[in-house]
Amino acid sequence: MLVLEGVDVFYGRIQALHGLNLHVDDGEIVTLIGCNGAGKSTTLRTISGLLRPRRGGVTFDGKDLAALPPNRIVQLGLSHVPEGRRIFTNLTVRENLDMGAYLVRDPKARRERLDRVFALFPRLEERMDQPGGTLSGGEQQMLAIGRALMSRPRMLLLDEPSLGIAPILVKEIFDEIARINREEGTTILLVEQNANLALHRATRGYVLETGRIVLEDDTKNLLQNPQVKEAYLG
Amino acid sequence: MLDYLLNGLALGAIFAFIALGYTMVYGIIKLINFAHGEFFMFGAFLGFFVLRDLGVERLPLPQPLPILLSYVAALTAASLGAGALAVVTERIAYRPVRRAGRIAALITAVCVSLILQNLAIKAWGAKPQAYPQPREWIDTDDLAGAAPANLYAVKRVETTGGEVVENEVRVVEAGAALDDATRARLRAEGHERVYRQVPLDRGWTRGFVLLALLLWAPVLWFLVKRTRMGKAMRAVSEDSDAARLMGIDINRVIAWTFFLGAFVAGVGGVAYCVSYGKVEPLTGFLPGMKAFIAAVIGGIGSIPGAILGGLVLGTAESLIPYALREGLGWEAAFAWKDAIAFALLILILVFRPTGILGRAVREKV
């Protein structure tokens, strides 16, 4: 479904990704783990079009993404929940969700998406008219995911959904992520620093170190891998 | 006193119209668009051409309908034209430097302002021109009694180059008798109709700008709060990368913001020049500066702030010199009104740098 081949990405003169190869198949939950600064967020930002690869190809269902602006990539069914949630704090919860459905013109379809998101995250419905900035960290993460789901994506890119969130809410959020994958067939690429959590939820995983993929395997093997255990599972 | 207050509010409303554009553009791309005053000037010139070449001066219809129609036409042309100029300017001058940093964009804005001023000088000449006033046309046959004011007629003259130009000539002085002899003379000179200038009542122009602001404010509120484009504007203003991830085409949103800001500046341009009776390529400079001050006073980035800041500045510019003159007997106070406006800016920057309605925003790194 999603294929990255030999992707090089630069920030000015500093190379952030070195010949990255990665693929995610239809219906999978794939995780990308690694330390701070390994290039995980860069990878997602490149897929969603916020960054452009200098070399290499990014394709989604065979369509080349490397030349498309982010708004066209969303249209193809790929939705990115950025690191740090990046919700619109001055817009209400409802308006944030409306923005997620910016490209959905049909009011009936928007209503259906909204009901679906409220079913997944009932707290959002309770807080519908509140400015996004007044939500707790966990609620903001739910809003960020809900917002991304409003465009009915076929694939979701999640960047550190557990960051800065109370442990009890982390479990709830990950349960909902699994449910989105199971019930809607949404393919998921999950970036996490919390490797333990990510490897238990995903089917396959990649380990990223200083811009290079160093390991790729089914998560049950990665969980047993001594290198991974040493470096990421502590 | 009341008269000065109303004058101040009307001037303030014009400042508010221009300040809205500054604040909206700043809100969305953090650029102080110094060329905004030139959009205002461009609108004023477009209104000028509509009024002079199509409107009030030519239509031999009973008043006041043609006056009203021609002002509507002038305002429409001015607002749409200024909006279009803003969109084009954004596309060719600002978009290429959008990611180059704020100083680069600011310098670009100053340059664009100078370029537009000079293009206007090239196109329309540097001299101030009288802004068209409405005219009342009278059939020569209907003239009777004594002339209430100077009467004019349009005379076609062939120049030495063979070009036919129309000159406006005074044919009857105010107070002269309009008898058979006068009518015969006018007909002999080929004037089927003559006209007199109808000075616009200041009450009307003041009323118009205040009413226009009163009507526009809720429309703008609705556009920004309720429409899809308005919500997208607020989203882009807060976090443009996140907005792009929603599928928002930020180039379109930014173009719309420029259009909306210049659209109202065009209305302000016509209103300003009608009130002050002239237009020139530098017309946009001082009101543009003042409106920028108004936007800062109100809190740049805040739409209600721009309106409030405009009204506060306009009123201050009128009432403070009035108080100084009446209270302290300082006759020259009104000559210092611009200095008073800039002093107000400095005071605001010292004591409340975020403006009346502005909020402190931490810079994103």
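Residue numbers run consecutively from 1 along every chain, following the written order of its sequence. Each chain gets a letter, beginning with A, and each ligand a number, beginning with 1, in the order they are written. Owing to the predicted nature of the model, reporting of local features is limited to residues with pLDDT of at least 70; listing and counting of side-chain atom pairs is limited to 80 or more, with chain, interface and lining totals taken over all residues.

So, about the overall build of chain A. Numbering of helices and strands starts at the N terminus; helices are DSSP runs of H or I of at least 4 residues and strands are runs of E of at least 2. The helix and strand tally for chain A stands at 10 helices and 10 strands. Put simply, the radius of gyration uses C-alpha atoms, and a globule should come to 2.2 Å times the residue count raised to 0.38. Over its C-alpha atoms chain A spans a radius of gyration of 17 Å, differing by no more than 12% from the 17 Å that the globule rule assigns to 234 residues. Seen through its principal axes, chain A has C-alpha atoms that stretch 45 × 40 × 30 Å. For chain A, buried positions account for 45% of its 234 residues. The exposure label follows from counting other C-beta atoms within 10 Å of a residue's C-beta, where the C-beta atoms are placed from the backbone and the thresholds are 20 or more for buried and 12 or fewer for exposed, leaving partly exposed in between.

A separate point is the interface of chain A and chain B. Size of an interface, as often reported, equals the accessible area lost when the parts are brought together. Taken together, the 20 residues of chain A in the interface contact 14 residues of chain B. Elements with a contribution of two residues or more to the side of chain A that touches chain B: α2 (70–75) and α3 (93–100) of chain A. Here, residue contact means that the backbone-derived C-beta atoms of the two residues sit within 7 Å.

Note that domain bounds follow an automatic or database assignment of domains. If you check the domain split of chain B, you get domain 1 (2–132 + 201–351) and domain 2 (135–197). Between the C-alpha centres of domain 1 of chain B and domain 2 of chain B the distance comes to 39 Å.

All names here are of chain B. Connectivity within a nonpolar core runs through C-beta atoms within 7 Å, and the core itself is a set of buried Ala, Val, Leu, Ile, Met, Phe, Trp, Tyr and Cys residues. Judged by nonpolar contacts, the single largest core of 153 residues is most densely connected at Ala16, Phe17, Ala19, Ala44, Ala82 and Ala294. When residues in this core are grouped by element, the largest group, 17 residues, is from helix α1 (residues 2–29). In this view, Ala82 contacts Phe39, Phe40, Phe42, Gly43, Ala262, Phe263, Ala265, Gly266 and Gly269; residues no more than four positions away in its chain are not counted. Leu151, Val171, Val172 and Val194 belong to the second largest nonpolar core, which has 7 residues in total.

Residue and element names in this part refer to chain B. The terminal C-alpha atoms of helix α6 (residues 202–226) lie 36 Å apart, and with 25 residues this matches the ideal 36 Å at 1.5 Å per residue to within 8%. Within the span of α6, buried status applies to Arg206, Phe208, Val209 and Leu213. Lining the buried residues of α6 we find α1, α9 (250–276) and α11 (303–328). By definition here, a helix of n residues has an expected span of 1.5 Å times n minus one.

Once that is clear, we can look at the pairing of strand β8 (residues 187–192) of chain A. All names here are of chain A. For β8, the tally of buried residues reaches 6 of 6 residues, placing the bulk of the element in the interior. Every second residue of β8 is oriented toward a common face, with Thr187, Leu189 and Val191 on one face and Ile188, Leu190 and Glu192 on the other, all of them buried. Bridge count for strand β3 (residues 29–34) against β8 is 5 bridges, and the pairing is parallel. Its bridge partner lying in β8, Thr31 is registered against Leu190. Taken together, the 5 bridges between strand β7 (residues 155–159) and β8 define a ladder with parallel strand orientation. Among the inter-strand pairings, Met155 is bridged to a residue of β8, identified as Thr187. The criterion for strand pairing is that DSSP finds at least two bridges linking the strands in question.

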